[in-house]
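Now for the letters of each chain:
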Amino acid sequence: MKYYQTVILAVALLFGAGCNRHLQQFGAGKKAQNVILLIGDGMGLTQMSTAYYYENGTPSFSRFPIIGLHQNKPTDELITDSAAGATAFSTGYKSYNAAIGVDDDTISRETILEMAAKKGLSTGLIATSAITHATPAAFFAHVPFRDQQDEIATQLPSSPVDFFAGGGLQFFHHRKDGRDVLGELKEAGFTVDTTSLNSSELLSISKKYGYLLAPDGLPKMQEGRGDFLPQATQMALDYLSQDKDGFFLMVEGSQIDWGGHNNDADYVIEEVKDFDKAIGVALDFAAKKGNTLVIVTADHETGGMSLSAAEVRMQRDYNHIKPTFSTGGHSATLIPVYAYGPGAWAFAGIYQNNDIFEKMVQGFGWK
Ligand code: MG
Ligand code: ZN
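Model, not experiment: these values are computed from the prediction.

Our focus in this paragraph is the coordination of the magnesium ion (ligand 1). Distances from the magnesium ion (ligand 1) to its protein donors, namely D41 (OD), T135 (OG1) and E252 (OE), fall within the range 2.0 to 2.2 Å. Counting the intervening residues between successive donors of the magnesium ion (ligand 1) yields the motif D-x93-T-x116-E. Of this pair, D41 sits in the loop between β1 (34–40) and α3 (45–54) while E252 sits in strand β7 (residues 247–253), placing them 211 residues apart in sequence. Like E252, D41 is buried.

What follows is about α3. Inspection of α3 places T46, Q47, M48, S49, T50 and A51 among the buried residues, and these make up the whole buried set. Packing partners of the buried residues in α3 comprise α10 (256–261), α11 (265–289), β9 (301–302), β10 (306–312) and β13 (335–340).

Bound to the zinc ion (ligand 2) on the protein side are D257 (OD), D257 (OD), H261 (NE2) and H330 (NE2), at distances that span 2.1 to 2.4 Å. Metal-centred angles of 56 to 154° between the four donor atoms at the zinc ion (ligand 2) mark the site as irregular. Binding-site remark: the zinc ion (ligand 2) is held by donors from one chain whose sequence spacing is D-x3-H-x68-H. In this pair, D257 and H261 both sit in helix α10, four residues apart, roughly one turn of the helix. A relative accessible area of 5% means that D257 is categorised as buried. Among the residues examined, H261 registers a relative accessible area of 32% and is labelled partly exposed.

Taken in spatial order, the ten strands of this open sheet run β5-β6-β4-β3-β7-β1-β8-β13-β2-β14, and their pairing is mixed. Every other strand in the sheet has two partners, leaving β5 (190–193) and β14 (349–352) as the edge strands with one partner each. Across this sheet, the average inter-strand angle for adjacent strands is 15°, counted without regard to direction. Here five bridges tie strand β2 (residues 66–71) to β13, and the two strands are oriented antiparallel to one another. If you follow I66 over to β13, its bridge partner there is A339. Against the sheet, α11 touches β1, β7, β8 (292–297) and β13, its axis set at about 165° to β1.

The rules behind each value
- Residues numbered from 1 in each chain as written.
- Chains lettered and ligands numbered in written order.
- Predicted model: local features only at pLDDT ≥ 70, side-chain atom pairs only at ≥ 80, totals over all residues.
- Heavy atoms only, no water.
- Donors = N, O, S within 2.8 Å, 3.2 Å for Na, K, Ca; no water.
- Helix = DSSP H or I, 4+ residues; strand = E, 2+ residues; numbered from the N terminus.
- Buried < 20%, exposed > 50% of the residue type's maximum accessible area, 1.4 Å probe, protein only.
- Contact = heavy atoms within 4.5 Å.
- Tetrahedral: all angles 85-135°; square planar, octahedral: opposite > 155°, others 65-115°.
- Pairing = 2+ DSSP bridges.
- Axes fitted to C-alpha atoms, helices over the stretch in contact; angles between N-to-C directions.

Laid out in structure tokens, this is it:
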């Protein structure tokens with residue numbers, strides 16, 4: 001489709017639809033006060049498609065009016081890892097695999113979370129991995145290599161993060177170097193909980209909160225993680241939405257990637273279902289508030305996963321799906337982006353992963 005045809009189609013969609021609900025979903029001409037970025041690590045189109053075959057009811061993905069695709073090639077190779085992928089989203093710079101919040105020359109680049117905080121917005125990070133793991137780390141830390149999780153942890157207390165929830169306690173206390181980063185978090189004003197989310201209490205926006213609920217990653221859904229991700233998302237929204245200046249929140253379904261690396265379809269499916277619930281929480285919030293841009297995407301696809309037909313006695317059975325994998329690593333396939341709310345229209349089309357940073361900046365109306 002030519003550019004002008006796309007514009008005509010977009011205009012037709014915006015005004016032809018002729019109802020407020022659609023205008024709100026596409027966000028024509030409005031700025032977003034809040035941005036919620038949900039990253040399903042390793043969630044390509046196949047992983048997302050599992051929601052349509054293995055979930056009861058309509059997946060949250062169906063609620064998005066705008067869908068695009070991004071290409072995620074890092075600077076040094078063809079296939080990205082989560083560090084370069086998240087750094088492209090968080091800073092707008094493509095970088096080399098393993099880079100956390102630094103560009104191709106290892107120069108620290110300001111992240112969207114840091115920019116938001118500077119403008120007076122509140123900020124939050126949620127992950128089912130360690131909070132020091134590549135994806136969440138790329139929003140608050142700046143180190144040359146993702147493996148430096150001890151160093152990444154030390155950068156959290158002085159970062160402008162107001163709320164975080166995930167795993168990774170081992171990087172904060174009983175460290176080899178003897179440094180008590182848990183203590184440093186408390187000195188920096190965080191109320192830290194290492195046992196549970198306490199989701200019944202409303203958190204005060206004048207305070208900061210940190211939840212470190214496992215030594216490293218949180219348990220798999222299959223091992224009883226329960227409602228951590230949707231619950232933490234709801235808690236963060238109840239907390240952050242008290243800030244009249246707005247907020248930036250990143251929520252990661254971290255373990256879709258780990259299921260892919262294991263070539264374990266059931267692991268992937270359960271993690272996608274859980275992530276889809278968290279997306280539902282974000283969309284319910286946005287539908288009610290009307291000033292919130294919600295973006296869902298992935299850094300890359302993991303496993304070269306496919307929803308293949310089952311084979312029975314050398315015959316393809318088109319009535320049964322048997323998920324298959326083509327690699328134990330990541331793949332180069334383009335990645336879907338789903339958008340809702342003010343600024344959502346900008347996410348239609350095909351673009352680079354680091355363009356998502358610019359589109360969020362535009363969505364906030366900062367440019
Ligand atoms: Mg990740
Ligand atoms: Zn991975």
